[in-house]
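Tertiary structure, described
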Amino acid sequence: MPWCYPNPWTGNTKRVRKVLALLLVLALAALTAATTASAREGSRFHPAVETRLGIVATESPAAAQVGRDVLERGGNAADAAAATVFALNAARPQSCGIGGGGFLVYREANGRSDSIDFRETAPAAFTPDTLVPPGLHKTFTGHLTVGVPGTLAGLDLLLHRYGTRSLAQSIAPAAQLARRGVPVEQSLSDSMAANADRLKLFPAAAAQFLQNGEPYPAGSILRQPDLARSLELIARKGTRAFYGGEIAQRIVDDMHTGATQPGDDHKLELGDFKAYRSKSRRPLVGGYRGRTIVSVPPPSSGGTTLLEMLNILSGYDLRGLGPSSADELHFVAEAQKLAWADRNKYVADPDFVDVPTAGLISPRYGAQRRAEIDPAHAQTYEPGTPPQSSSHHKPGGSPADTNPQASTTHVSIIDSRGNAIALTCTIEQEFGSAVVAPGTGFLLNNELTDFGDPGTANEPGPGKRPRSSMAPTIVVQGRTPVLVVGGAGGARIIMGVVDSVLNVIDFGYDIAHAVDAERTDDPTGTMTIEDARIDASVLDELTARGHTLARVGEYDIRPRVQAAGIDPRTGVRSGVSDPRTDQATLAQRYRARRSR
Ligand code: GLU
């Protein structure tokens, strides 16, 4: 009977196991120390908020409280997101609201994912040449820049599909914030000052967002009774109050009578509102170093560009090269320029243009593009020919979305059950078109300025959606959403998301370090670089390779990222707001008594 004989290993098994366990712990500690040490914390670094329940990451304290409250009352991630976005309309009106649009990616705890496109849409009378003649729209302002808003239809669809609460319940806290007033954040006060001249062109906008022509000071209270009335009307009558009723009528009336400036043209009519639909679209799914990346499909370029870049970068050992080494920054910049050339040429509204989406995000095409990179020299690149691209493609590339004031806002939420949502909403630039139709109480977007030139894939067209850069994304490891991320900042959003993904996957940073770390952005040959934390020798080496650097110090103002994630080992959820923006990430404190 073998167990009767002393086995030379048996007596030592416990000790050997202990030694092995100790070695493993030491190795893990060394690895953690190595990764943390390589993430140089900036002066505004702050740790993530942690919980075993739900988490809401936003850049609005008042809206984050609304989202958390929904979780604490038993709502799920979809419910919390809808209520948070309505609240953002009251608390961060310069960035988001029912006068705008956006995109979301939702991943249920069971692993199913979905994406909703609630992008603004051009009126039926819009043609490729509509934005060509001079006019107020050239300053990203006025009635002609306004697309049919999609936010309300998008949130309604989200609630209908995944929510447990009604539209009216989701709107109620926002209506209350609008009626009772919200504290004005410094960011809102600054933005009111920066946009005062534009707001003064439209009396209802000036009356709502300026006090005797001056910005509200930070800490003062902003009351928006017209917004409260609009929200309460929608809560009572549903989306038809907006798309088929009083609110659309007020907007259209203002289109016809609200111009105070020469060159403030308009195209939006009632029929455009009635025709609007938010769209459920299959999210893009890709792989990167064993993780699954779920992101937003066209008409946003966020997902295709992210996935094409990751496919290109998968051929390099970025971790071995080291974060913010000259090689790592070089390969990321080259991958971005390659993906950007394709984005500019091919990505537009897929309901109007034959976008070779599957080709753009195929690993094989990524490898093909990677072969164009010279490790020693910065280059500029032509668009490639992804599989499935056809001769129908318009010839010209169209960078467009060059508005330097672009600004939107993002919400990342995970609930206690593990449902996750990344939602980006916008009215395009801060204060959008600057138009508020009298009596409505919300800003109208200037999203149609995201269209490109006539003759390009992204040219304007009737009923068409302009290409976006919004990039709500969920990174899944095994079955766990380890990073739920997105950001604000126009075309710069994409690199905010790419850098966060690389920092988590390649460099093993926790989400707080991933979002805090220095960023670069090099769409077409000038590398904007947060250089303060980067070694001088690295900057010299990049210049020697031919990169043109635009140094912006420690933190640039864009992009602004919101992130959340679940630790697959412990189940702990963490969330963080970009240190470049207002800090408004909150953890759920207790479970609802009756959790649905
Ligand atoms: N209009 C931009 C886009 O759709 C969003 C605005 C912003 O983030 O700043 O890409």
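Located above this text is the structure these notes cover.
Conventions we followed
- Residues numbered from 1 in each chain as written.
- Predicted model: local features only at pLDDT ≥ 70, side-chain atom pairs only at ≥ 80, totals over all residues.
- Heavy atoms only, no water.
- Helix = DSSP H or I, 4+ residues; strand = E, 2+ residues; numbered from the N terminus.
- Buried < 20%, exposed > 50% of the residue type's maximum accessible area, 1.4 Å probe, protein only.
- Salt bridge = Lys/Arg side-chain N within 4 Å of Asp/Glu carboxyl O.
- Pairing = 2+ DSSP bridges.
- Axes fitted to C-alpha atoms, helices over the stretch in contact; angles between N-to-C directions.
- Contact = heavy atoms within 4.5 Å.

**A look at unusual backbone geometry**
- Cis rather than trans, the peptide bond between Pro298 and Pro299 has omega equal to 20 degrees.
- As for its placement among the helices and strands, Pro299 is situated in the loop between strand 11 (291-295) and helix 12 (302-313).
- Phi angles above zero are rare outside glycine, and Glu428 is one such case at about 75 degrees.
- Within the fold, Glu428 resides in strand 13 (residues 420-429).
- Among the residues examined, Glu428 registers a relative accessible area of 5% and is labelled buried.

**Here we look at the pattern of salt bridges**
- In this structure the tally under the stated criterion is 33 salt bridges.
- A salt bridge links Glu246 to Arg250; its shortest N-O distance comes to 3.5 Å. One end of the pair is Glu246 and the other is Arg250, both in helix 10 (residues 246-257) and 4 residues apart, which spans about a single turn.
- Judged by relative accessible area, which is 35%, Arg250 ranks as partly exposed.
- Notably, a salt bridge pairs Arg492 with Asp556, separated by 2.6 Å at the nearest N-O pair. Of the two residues, Arg492 is situated in the loop between strand 15 (480-488) and helix 17 (493-505) and Asp556 in the loop between strand 18 (548-551) and strand 19 (560-566); the sequence distance between them amounts to 64 residues.
- Note on Arg492: relative accessible area 22%, which makes it partly exposed.

**Description of the sheet that holds strand 19**
- One open sheet holds the 7 strands; their spatial order is 1-20-19-15-14-11-10, and the pairing between them is antiparallel. Among the strands making up the open sheet, the edge pair consists of strand 1 (49-51) and strand 10 (284-288). In this sheet, adjacent strand axes meet at a mean angle of 15 degrees when their direction is disregarded.
- Strand direction decides the pairing type here: strand 11 and strand 14 (residues 473-477), joined by 4 bridges, are antiparallel. Opposite Ser295, over in strand 14, you have Thr473 as the bridge partner.
- On top of the sheet, helix 17 reaches strand 10, strand 11, strand 14, strand 15 and strand 19; it is set at about 155 degrees to strand 15, its chief contact.

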